[in-house]
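Each chain is listed here by its residues.
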Amino acid sequence: MNKTKENKAIMGTVLWVVQETYNNLVDFRNQENREAFNKELLRLMPQVKNYVAIRLKNAIRAGKLNKGMFDPNDFTDQLFIEVYDNWELVKNEYGLRPFLFKKVDDLLDDRLTEEEFDHIFFENIDTYSKKEWDAMEEDFSTDGDGDLVLLEELDDSSLDRTNYSLDHVFITEEEKGLAQKLDESLDKERVERHMDMVLGKMSLPMRCVFELYTDQGFTPDEIADMRNTTLEETENLLSSARGLLKKSFVKRFLIDSN
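It should be emphasised that the depicted structure is a prediction, and the values quoted were computed from it without experimental measurement.

### Considering the overall build of the protein chain
Piece 1. Counting secondary structure elements, the protein chain contains twelve helices and zero strands.
Piece 2. Going from N to C terminus, the protein chain has its helices and strands arranged as α-α-α-α-α-α-α-α-α-α-α-α.
Piece 3. Taking all 258 residues of the protein chain together, the buried fraction comes to 48%.
Piece 4. Of the contacts made within the protein chain by residues no fewer than 6 positions apart, 79% connect residues no fewer than 24 positions apart.
Piece 5. Of the roughly 13400 Å² of accessible surface on the protein chain, 46% is carried by carbon and sulfur atoms.

### Some points on the packing of aromatic side chains
Piece 1. Overall, the coordinates contain twelve aromatic pairs when judged by the stated rule.
Piece 2. A centroid spacing of 5.6 Å and a plane angle of 75° characterise the contact between Tyr128 and Trp133, whose relative ring orientation is edge-to-face. An identical accessibility class is assigned to Tyr128 and Trp133; each is buried.
Piece 3. Linked through ring pairs, Tyr22, Phe37, Tyr84 and Trp87 together constitute an aromatic cluster.

### A closer look at the environment of Asn50
Piece 1. Structurally, Asn50 is set in helix 3 (residues 45–61).
Piece 2. Spatially, the C-alpha atom of Asn50 lies 8.2 Å from that of Pro72, the residues being 22 residues apart in sequence.

### Overview of a negative patch on the surface
Piece 1. Together, Asp221, Asp225, Glu232, Glu233 and Glu235 give the surface a local cluster of negative charge.
Piece 2. Within the residue set of the negative patch, elements represented by two or more residues are helix 11 (220–226) and helix 12 (231–254).
Piece 3. Considering every element that reaches the negative patch, the biggest residue donor is helix 12, with three residues.
Piece 4. Along the chain, Glu233 turns up in helix 12.

### Some details on helix 10 (residues 204–214)
Every α-helix carries 3.6 residues per turn, so stepping three or four residues along brings you back to the same face.
Piece 1. Burial analysis of helix 10 places ten of its eleven residues in the buried class, the great majority of the element.
Piece 2. Listed as buried for helix 10 are Leu204, Pro205, Met206, Arg207, Cys208, Val209, Phe210, Glu211, Leu212 and Thr214.
Piece 3. Those residues of helix 10 that are buried are in contact with helix 3, helix 5 (93–111), helix 9 (188–199), helix 11 and helix 12.

### Some thoughts on the packing of helix 2 (residues 34–41) against helix 4 (residues 72–85)
Piece 1. Contact pair helix 2 / helix 4: the axes reach a minimum separation of 11 Å and the direction vectors enclose 120°. Like other packed secondary-structure pairs, helix 2 and helix 4 cross with a definite hand, here right-handed. Each of Arg34, Phe37, Asn38 and Leu41 in helix 2 lies in contact with helix 4, whose residues at this interface are Phe80, Ile81, Val83, Tyr84 and Asp85.
Piece 2. Taken together, the residues of the contact of helix 2 with helix 4 sort by class into six nonpolar, one polar and two charged.

### A few points about the environment of Asp27
Piece 1. Positionally, Asp27 belongs in helix 1 (residues 3–30).
Piece 2. A sequence separation of ten residues divides Asp27 from Phe37, and the C-alpha atoms of the two residues are 8.5 Å apart.

### Comments concerning the environment of Phe70
Piece 1. Turning to its location among the elements, Phe70 is positioned in the loop between helix 3 and helix 4.
Piece 2. Residue class for Phe70 comes out buried when judged on its relative accessible area of 10%.
Piece 3. Sequence-wise, Phe70 and Leu56 are 14 residues apart; in three dimensions their C-alpha atoms are separated by 7.8 Å.

### Things to note about the packing of helix 3 against helix 4
Piece 1. At their nearest, the axes of helix 3 and helix 4 sit 9 Å apart, and the two run at 135° to each other. Compared by their axis directions, helix 3 and helix 4 come out oblique. By crossing handedness, the relation of helix 3 to helix 4 is classed as right-handed. Of helix 4, the residues touching helix 3 (which contributes Met45, Val48, Lys49, Val52, Ala53 and Leu56) are Pro72, Asn73, Phe75, Thr76, Leu79 and Phe80.
Piece 2. Here the contact of helix 3 with helix 4 is built from residues that sort into nine nonpolar, two polar and one charged.

Rules of the game
- Residues numbered from 1 in each chain as written.
- Predicted model: local features only at pLDDT ≥ 70, side-chain atom pairs only at ≥ 80, totals over all residues.
- Heavy atoms only, no water.
- Helix = DSSP H or I, 4+ residues; strand = E, 2+ residues; numbered from the N terminus.
- Buried < 20%, exposed > 50% of the residue type's maximum accessible area, 1.4 Å probe, protein only.
- Contact = heavy atoms within 4.5 Å.
- Areas by Shrake-Rupley, 256 points an atom, 1.4 Å probe, with all protein chains shown as cover.
- Phe/Tyr/Trp six-rings, centres within 6.5 Å; stacked < 30°, edge-to-face > 60°.
- Patch = residues over 30% accessible without salt bridge, like charges linked within 9 Å, V, L, I, M, F, W, Y side chains within 5 Å.
- Salt bridge = Lys/Arg side-chain N within 4 Å of Asp/Glu carboxyl O.
- Lys, Arg positive; Asp, Glu negative; His and termini not counted.
- Charge placed at Lys NZ, Arg CZ, Asp CG, Glu CD.
- Axes fitted to C-alpha atoms, helices over the stretch in contact; angles between N-to-C directions.
- Left-handed = near helix turned anticlockwise from the far one by under 90°.
- Nonpolar A, V, L, I, M, F, W, Y, C, P; charged D, E, K, R; others polar.
- Parallel < 35°, antiparallel > 145°, perpendicular 65-115°, else oblique.

Coordinates in, geometry out; function isn't part of it.
Structure representation (structure tokens):
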């Protein structure tokens with residue numbers, strides 16, 4: 001599996017762009033040139049908008065948000081103002097990207113109702129048949145479709161919609177054998193569709209922690225700071241998300257279903 005190396009290469013490029021952008025933003029902010037500042041900040045917006053779009057889409061699928069209520073631009077447009085007006089809070093180039101996601105997370109949390117577990121799904125995960133798994137995935141994909149969130153229209157086409165992989169779920173040496181079996185029978189798109197569905201059944205905090213860690217490459221320490229929680233709570237949420245995903249893969253793909 002080369003997904004982990006691919007993700008690291010992408011993140012290396014992102015961090016280089018962040019460093020260059022930060023230096024330019026410092027100059028434009030010192031010059032009080034808001035127009036040039038916002039234009040430079042645009043370089044970092046595709047990933048942020050992608051993150052916002054996924055959160056909005058998940059809220060629609062969970063029935064917490066009606067289609068047409070919000071657009072990703074509603075949040076990213078406000079983010080330009082927040083960053084410019086609170087620039088003194090960005091201490092250095094390493095703090096810029098976490099600051100962007102922290103601010104947009106705050107904006108999203110103010111507008112979206114926190115979601116709870118889909119307890120019925122996880123309580124019955126041992127009993128679902130292959131037909132039931134397939135039907136749930138189809139319903140989940142359909143419920144999230146519509147004209148609100150068009151991820152394919154995001155500015156940077158080189159960025160994946162998600163960076164989910166089996167490496168994010170099966171992390172111990174003992175689990176590598178399970179990951180290998182799944183990797184031999186499931187392609188990348190199949191893995192991501194399943195993970196997307198199961199993540200959609202989790203609580204909002206758990207899903208956000210997992211997405212910030214896997215999709216955006218933040219460390220548990222950074223995520224704890226961004227979401228104003230403890231490191232222990234963040235690590236517990238990440239571990240729980242992995243555990244639920246692992247169980248779902250095993251029950252659906254590694255154990256014969258009727």
